[in-house]
Amino acid sequence: PCVLEPSFTAFRLNYQQSNEGEKYVGTNFGLPHRDYTFAEAVSAEGTARLLSVWFPLNDTTLDNGCMYVVPREFDANFEKDHMYEHKQVITQGGIKNLQFLHFALNGIRPLPAPAGSINAWHSNIIHWGSNVNTNGSANPRASLAFVFRLAESV
């Protein structure tokens, strides 16, 4: 059996507010991140303890804010909790304030999805939501996110 974590989140992107750099309720986690470390997400026996579930309320596209993931096979730090880059998958650099990614760009996968579909991934997977652009501004992404945990690991 599983239990629902108290980390339910609702998103409703807003093109104008996002474009102007404003913070608002329903905004996006637009930078690559992991929700949990490998040790938190997987038991010593290798069983997944956590499952992240994302539910789009409208059709999501590359233009209106679909999710992106980096599958395990493209993530050299997937199981390496001891590595700084495990939790800090993106860092801000001192050179002209550039951002540095700690994963291979060729591994990035977009997840466009129809309204009402269910997307689920290992809670240790690198992921992020893209921003809405001009072409998607009439119907920006609206979505819900949940995390389920094995009851025995609570």
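What you see is a predicted model, and the numbers here were worked out from it, not measured in a lab.

A. Local environment of the pattern of salt bridges. This model, assessed by the stated rule, comprises 2 salt bridges. Where arginine 34 meets aspartate 75, a salt bridge forms, and the shortest distance between an N and an O atom there is 2.8 Å. Of this pair, arginine 34 sits in the loop between α1 (15-19) and α2 (38-41) while aspartate 75 sits in the loop between β4 (67-70) and α3 (84-87), and the two are 41 residues apart along the sequence. For the pair arginine 34 and aspartate 75, one class covers both residues: buried. As a salt-bridge pair, glutamate 79 and arginine 72 come within 2.3 Å of each other at their nearest N and O atoms. Taking relative accessible area as the criterion, glutamate 79 reaches 46% and is therefore assigned partly exposed.

B. Up close: the nonpolar core. Tyr36, Ala41, Leu50, Trp54, Trp121 and Ile125 are the most contacted members of the largest nonpolar core, which totals 15 residues. Those elements that place two or more of their residues in this core are α2, β3 (50-56), β4 and β10 (142-150). Leave out the neighbours within four places in its chain, and tyrosine 36 touches Glu5, Ala41, Leu50, Lys87, Ser123, Asn124, Val147 and Arg149. Ranked by size, the runner-up nonpolar core spans 7 residues in total, among them Cys66, Tyr68, Val89 and Ile126.

C. Focus on a nonpolar patch on the surface. A cluster of nonpolar side chains, Leu4, Leu51 and Phe148, forms an exposed patch at the surface whose accessible area comes to about 250 Å². Note on leucine 4: relative accessible area 48%, which makes it partly exposed.

D. Quick peek at the environment of serine 123. By secondary structure assignment, the location of serine 123 is in the loop between β8 (119-122) and β9 (126-129). Counting along the chain gives 39 residues from serine 123 to tyrosine 84, while the straight-line C-alpha distance between them is 18 Å. In this structure serine 123 touches Asp35, Tyr36, Ala41, Leu50, Leu51, Ser52 and Val147, once residues within four positions along its chain are discounted. Within the structure, serine 123 has its side chain in polar contact with the backbone nitrogen of leucine 51 (distance 3.5 Å).

E. Just the pairing of β3, in detail. Where burial is concerned, most of β3 is hidden: 5 out of the 7 residues are buried. Summarising the sheet, β3 and β10 pair through 7 bridges and their orientation is antiparallel. Within β10, the residue paired with proline 56 across the bridge is serine 143. Alignment of β3 against β8, held across 4 bridges, turns out to be antiparallel.

How each quantity is defined
The residue numbering used here restarts from 1 in each chain and proceeds along that chain's sequence as written. Only residues with pLDDT of 70 or above have their local features reported here, since the model is predicted, and side-chain atom pairs are shown and tallied only from 80 upward, although totals for entire chains, interfaces and linings are computed over all residues. With hydrogens and water excluded, all non-hydrogen atoms of the structure serve as input to the side-chain values. In the sections that follow, a salt bridge refers to a side-chain nitrogen of Lys or Arg positioned within 4 Å of a carboxyl oxygen of Asp or Glu. The way it works is that DSSP assigns letters per residue, a run of H or I at least four long becomes a helix, a run of E at least two long becomes a strand, and they are numbered from the N terminus. The buried label applies to any residue whose accessible area, calculated with a 1.4 Å probe on protein chains only, is under 20% of its type's maximum; exposed applies above 50%, and partly exposed to all values in between. In this description, a nonpolar core means a group of buried Ala, Val, Leu, Ile, Met, Phe, Trp, Tyr and Cys residues linked to one another through side-chain atoms lying within 4.5 Å. Here a residue-residue contact requires only that any non-hydrogen atoms of the pair lie within 4.5 Å. Patch membership needs two things, relative accessible area over 30% and no salt bridge, and members are linked within 9 Å if like-charged or within 5 Å if nonpolar (Val, Leu, Ile, Met, Phe, Trp, Tyr). Per-residue and other accessible areas follow the Shrake-Rupley method at a 1.4 Å probe size, with only the shown protein chains counted as cover for residues. N or O atoms closer than or at 3.5 Å make up a polar contact, with two conditions inside protein: a donor-capable atom paired with an acceptor-capable one, and, for residues adjacent in sequence, both atoms drawn from side chains. Strand pairing is assigned whenever DSSP detects at least two bridges linking the two strands.

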